[in-house]
Amino acid sequence: MAKIIAVTNQKGGVGKTTTSVNLSGCVAEAGRKVLLIDIDPQGNATSGLGVTGEGPTVYEVLLGDGKVEDAVRNTGFDDLDLIPAGIELAGAEIELVGVEKRENLLKDALETLRDRYDYIFIDCPPSLGLLTLNALTAADSVLVPIQCEYYALEGVGQLMNTIKLVRRKLNPDLEVEGIVLTMFDARTNLGAQVVEEVRAHFSKEAFETMIPRNVRLSEAPSYGIPIHRYDARCPGAQAYRALAKELIGRNERK
């Protein structure tokens with residue numbers, strides 16, 4: 001049965017979608033069957049995997065207008081499927097206001113898919129609204145990207161409080177999968193200071209692997225290709241492969 005991991009941080013520009021796409025791709029490359037769900041109205045994970053065309057998206061799934069199985073798309077990359085998102089998802093929170101148990105819509109929909117995959121990643125929007133709440137209710141754990149920049153920990157406390165609230169009200173088994181340091185620049189003192197600060201606050205949660213600033217990581221989405229296929233030798237690809245190995249190791253220890 002799949003481990004469901006929500007990738008979230010309500011602060012934008014932290015490498016959330018970059019991590020969702022490339023970690024999913026590298027976990028699939030490691031031989032695991034992976035589903036990535038794009039629940040961000042911006043749809044960047046969808047375009048980042050080059051998925052286009054007509055068909056049901058996560059919007060229809062949440063509104064009950066389509067079967068979740070019909071929304072699953074083949075990305076063309078081995079062992080990696082996607083449930084895409086589109087701009088219509090932006091209105092979903094308003095449309096779902098009157099729906100009973102609206103926080104459980106994604107969780108209920110995914111029950112029929114869990115046996116098909118080893119890992120299901122959910123790319124969340126940069127907010128703590130109903131879409132993210134659906135992801136946190138459906139998830140087994142939360143993966144939090146934090147950029148190695150000034151004010152890196154800003155908002156993380158709020159996210160941790162939200163996780164505690166979700167545990168109390170909706171999903172008592174929700175865990176913190178880990179914190180990923182992104183956009184690390186070894187040439188700056190600031191980068192080292194942020195790493196030290198994050199590891200001081202979250203010594204158990206922080207992954208050893210850090211994601212460096214890398215031009216190739218920025219280029220890959222415009223081609224609709226995950227980094228390990230766009231430039232397998234670049235530092236970004238090596239880092240996400242290492243992160244995938246670390247995540248798999250955390251979850252599959254005997």
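As the structure is a prediction and not an experimental result, all values here were calculated from the model.

J.: Help me understand the pairing of strand 4 (residues 80-83), please; the structure alone is not making it clear to me.
T.: Successive side chains on a regular strand alternate, one facing one side of the sheet and the next facing the other. On strand 4, burial covers both faces: L80 and L82 on one face and D81 and I83 on the other are all buried. If you look at the hairpin formed by strand 3 (residues 73-74) and strand 4, you'll find five residues sitting between the two strands, and G76 has a positive phi there, around 90°.

J.: Help me understand a nonpolar patch on the surface in this model?
T.: A cluster of nonpolar side chains, namely Y150, Y151 and L190, defines an oily patch on the protein surface of about 350 Å² accessible area. For L190, the position within the fold is in helix 9 (residues 189-201).

J.: How should the packing of aromatic side chains be read in this particular structure?
T.: Evaluation of the coordinates by the stated rule reveals two aromatic pairs. Here R250 stacks its cationic end above the ring of F207, 3.7 Å away from the centre of that ring.

J.: It is not clear to me how the side chain of D40 should be interpreted in this structure. Could you clarify?
T.: Relative to the helices and strands, D40 resides in the loop between strand 2 (34-38) and helix 2 (44-48). Excluding anything up to four places from it in sequence, D40 contacts K16, A85, L89, D123, C124, P125 and P126.

J.: Just to check I follow, could you spell out the layout of surface pockets for this structure?
T.: To find leftover empty space, a probe the size of one water molecule is rolled over the atoms. Within this model, the largest pocket holds a volume of roughly 320 Å³. Taken together, 21 residues line the largest pocket, and the ones lying closest to its centre are G15, K16, T17, T18 and N44. Those elements that place two or more of their residues in the lining of the largest pocket are helix 1 (16-29), helix 2 and helix 10 (215-223). Among the elements that take part in the lining of the largest pocket, helix 1 stands out by supplying five residues, more than any other. Residue classes in the lining of the largest pocket are distributed as eight nonpolar, ten polar and three charged.

J.: What is the right way to read the sheet that holds strand 8 (residues 206-212) from this model?
T.: Strands belonging to one sheet form pairs held by backbone hydrogen bonds; the direction of such a pair is parallel or antiparallel. Ordered in space as 3-4-2-5-1-6-7-8, the eight strands form an open sheet in which the pairing is mixed. Single-partner strands in this sheet number two, and they are strand 3 and strand 8. Pairing between strand 6 (residues 141-147) and strand 7 (residues 175-184): seven bridges, direction parallel. In the strand pairing of strand 7, L143 is matched with G178. Along the sheet, helix 12 (residues 235-251) contacts strand 1 (3-7), strand 5 (119-123), strand 7 and strand 8; its crossing angle with strand 8, the most-contacted strand, is approximately 165°.

J.: Would you take a moment to explain the packing of helix 1 against helix 12 for this structure?
T.: The description of two packed helices rests on the angle between their axes and on the distance between the axes. Axis separation between helix 1 and helix 12 bottoms out at 8 Å; the angle between their running directions is 70°. Taken together, the axes of helix 1 and helix 12 lie roughly perpendicular to each other. Crossing of helix 1 against helix 12: the hand is right-handed. Residue-level contacts link T18, T19, N22, L23, C26, V27 and E29 of helix 1 to Y240, R241, L243, A244, L247 and I248 of helix 12. When its residues are assigned to classes, the contact of helix 1 with helix 12 shows eight nonpolar, three polar and two charged.

J.: It is not clear to me how the nonpolar core should be interpreted in this structure. Could you clarify?
T.: Most often, soluble globular proteins have nonpolar side chains that are buried together. The biggest cluster of nonpolar side chains holds 51 residues, and the ones touching the most others in it are I39, L62 and L89. Not counting the four nearest positions on each side in its chain, L89 is found in contact with I39, D40, P41, V58, Y59, L62 and L131.

J.: Would you take a moment to explain the UniProt feature "domain: AAA" (unreviewed entry) in the chain for this structure?
T.: The positions UniProt marks with the feature "domain: AAA" (unreviewed entry) are residues 2-176. Secondary structure over residues 2-176 splits into 35% helix and 17% strand, and the C-alpha atoms at its two ends are 16 Å apart.

J.: Just to check I follow, could you spell out the pattern of salt bridges for this structure?
T.: Any two side chains of opposite charge can pair if their charged atoms end up close together. In the structure shown here, the tally under the stated rule is eleven salt bridges. For E252, the salt bridge goes to R32, with nearest N and O atoms at 2.7 Å. Taken together, the residues span a long stretch of sequence, with E252 in the segment after helix 12 and R32 in the loop between helix 1 and strand 2 at a distance of 220 residues. In this structure, a network of salt bridges that share partners links the residues K16, D40 and D123.

J.: Help me understand unusual backbone geometry in this model?
T.: Of all residues except glycine, most have a negative phi; of all peptide bonds, most are trans. Even without glycine at this site, D79 takes up a positive phi of about 65°. Position of D79 relative to the elements: it lies in the loop between strand 3 and strand 4. The partly exposed category is assigned to D79, whose relative accessible area is 33%. Although it is not a glycine, K101 sits at a positive phi angle of roughly 50°. Among the secondary structure elements, K101 is positioned in the loop between helix 5 (92-95) and helix 6 (105-110). Its relative accessible area of 59% is what places K101 among the exposed residues.

The rules behind the values
Residues numbered from 1 in each chain as written. Predicted model: local features only at pLDDT ≥ 70, side-chain atom pairs only at ≥ 80, totals over all residues. Heavy atoms only, no water. Buried < 20%, exposed > 50% of the residue type's maximum accessible area, 1.4 Å probe, protein only. Helix = DSSP H or I, 4+ residues; strand = E, 2+ residues; numbered from the N terminus. Pairing = 2+ DSSP bridges. Patch = residues over 30% accessible without salt bridge, like charges linked within 9 Å, V, L, I, M, F, W, Y side chains within 5 Å. Areas by Shrake-Rupley, 256 points an atom, 1.4 Å probe, with all protein chains shown as cover. Salt bridge = Lys/Arg side-chain N within 4 Å of Asp/Glu carboxyl O. Phe/Tyr/Trp six-rings, centres within 6.5 Å; stacked < 30°, edge-to-face > 60°. Lys NZ or Arg CZ within 6 Å of the ring centre and 35° of its normal. Contact = heavy atoms within 4.5 Å. 1 Å grid on protein atoms, 1.4 Å probe; cavity = no way out; pocket = protein on both sides within 12 Å on 5 of 7 lines; lining within 4 Å. Points joined across faces, edges and corners; volume = space filled by probe spheres on them. Nonpolar A, V, L, I, M, F, W, Y, C, P; charged D, E, K, R; others polar. Axes fitted to C-alpha atoms, helices over the stretch in contact; angles between N-to-C directions. Parallel < 35°, antiparallel > 145°, perpendicular 65-115°, else oblique. Left-handed = near helix turned anticlockwise from the far one by under 90°. Core = buried A, V, L, I, M, F, W, Y, C linked by side-chain atoms within 4.5 Å. UniProt positions renumbered as here; feature names shortened; annotations may be inferred.

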